[in-house]
Amino acid sequence: MLIRRARKEDYPAFAAIEAGQPGYPAWGVKGFEAEERNRNSVTLAAELDGQAAGFMNFWVLRPQVQLNTLAVGRAFLRRGAAAALLGKLFEYAAKSACREIDLEVNEHNAPAIALYASRGFEVVGKRPKFYNNTDAALLMRKALPSKDL
Ligand SMILES: CC(C)(COP(=O)(O)OP(=O)(O)OC[C@H]1O[C@@H](n2cnc3c(N)ncnc32)[C@H](O)[C@@H]1OP(=O)(O)O)[C@@H](O)C(=O)NCCC(=O)NCCS
């Protein structure tokens, strides 16, 4: 498993991963390209078997990090790619002297909620009808104690 900065050549693979997850908000190639113009934005790729197996994007808005998107290709699920991407995110957050990581997740997205809970995120709020005016978003946060900095 290799976690590295994403490159332009990865974006079609990222778009295919999004397309394989019905209902997941898709950025598409253009969305990932647009992030290159945001200097607070970091996009990471998880490589498995020499392929881009998953991705993550977050914004470093010190003292906060906002996790915007994270997905793994269906062929690569449950092999630790998301956990490895989150591990790298925690390193970035600590190096950037950030105190918390925030994200939104669909209330019915059990795999993602289990992933985040297992990595120390807690539900701190709820936004009703956030997705397509139907499903609520759970706001989850991981506090980073100063001893980790
Ligand atoms: C959520 C998602 C990113 C997890 O990716 P993954 O690479 O399969 O996850 P990992 O293999 O790193 O799993 C790490 C832990 O997360 C939890 N987890 C992951 N998938 C799970 C599932 N389907 N059911 C229950 N728990 C799950 C487990 O605790 C797991 O640890 P374990 O394998 O030791 O039991 C993936 O299912 C996905 O891409 N979903 C669609 C996109 C999405 O919903 N993204 C989150 C947006 S907020």
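Cut-offs used in this document
Residues numbered from 1 in each chain as written. Predicted model: local features only at pLDDT ≥ 70, side-chain atom pairs only at ≥ 80, totals over all residues. Heavy atoms only, no water. Salt bridge = Lys/Arg side-chain N within 4 Å of Asp/Glu carboxyl O. Helix = DSSP H or I, 4+ residues; strand = E, 2+ residues; numbered from the N terminus. Buried < 20%, exposed > 50% of the residue type's maximum accessible area, 1.4 Å probe, protein only. Polar contact = N/O pair within 3.5 Å; in protein donor to acceptor, adjacent residues only side chain to side chain. Contact = heavy atoms within 4.5 Å. Pairing = 2+ DSSP bridges. Axes fitted to C-alpha atoms, helices over the stretch in contact; angles between N-to-C directions.

Points about the pattern of salt bridges
Stage number 1. Under the counting rule described, the total for this entry stands at ten salt bridges.
Stage number 2. Between Arg127 and Glu104 there is a salt bridge, with the nearest N and O atoms lying 2.6 Å from each other. In this pair, Arg127 is assigned in strand β6 (residues 122-131) and Glu104 in strand β5 (residues 100-106), connecting sequence segments 23 residues apart.
Stage number 3. On the accessibility criterion, Arg127 (36% relative accessible area) is partly exposed.

Some points on the side chain of Ser41
Stage number 1. Considering the arrangement of structural elements, one finds Ser41 in strand β2 (residues 41-48).
Stage number 2. A distance of 2.6 Å separates polar atoms of two side chains, one belonging to Ser41 and the other to Glu35.
Stage number 3. In this structure the side chain of Ser41 is engaged in a polar contact, spanning 2.9 Å, whose partner is the side chain of Asn57.
Stage number 4. Those residues in contact with Ser41 that sit more than four places away from it in its chain are Arg5, Glu35, Asn57, Phe58 and Trp59.

Describing the sheet that holds strand β4 (residues 64-72)
Stage number 1. Within the open sheet, the seven strands sit side by side as β1-β2-β3-β4-β5-β7-β6. Their pairing is mixed. Each having just a single partner strand, β1 (2-5) and β6 make up the two edges of the open sheet. The sheet shows a mean angle of 25° between the axes of neighbouring strands, taken without regard to direction.
Stage number 2. Here four bridges tie β1 to β2, and the two strands are oriented antiparallel to one another. Among the inter-strand pairings, Arg5 is bridged to a residue of β2, identified as Leu44.

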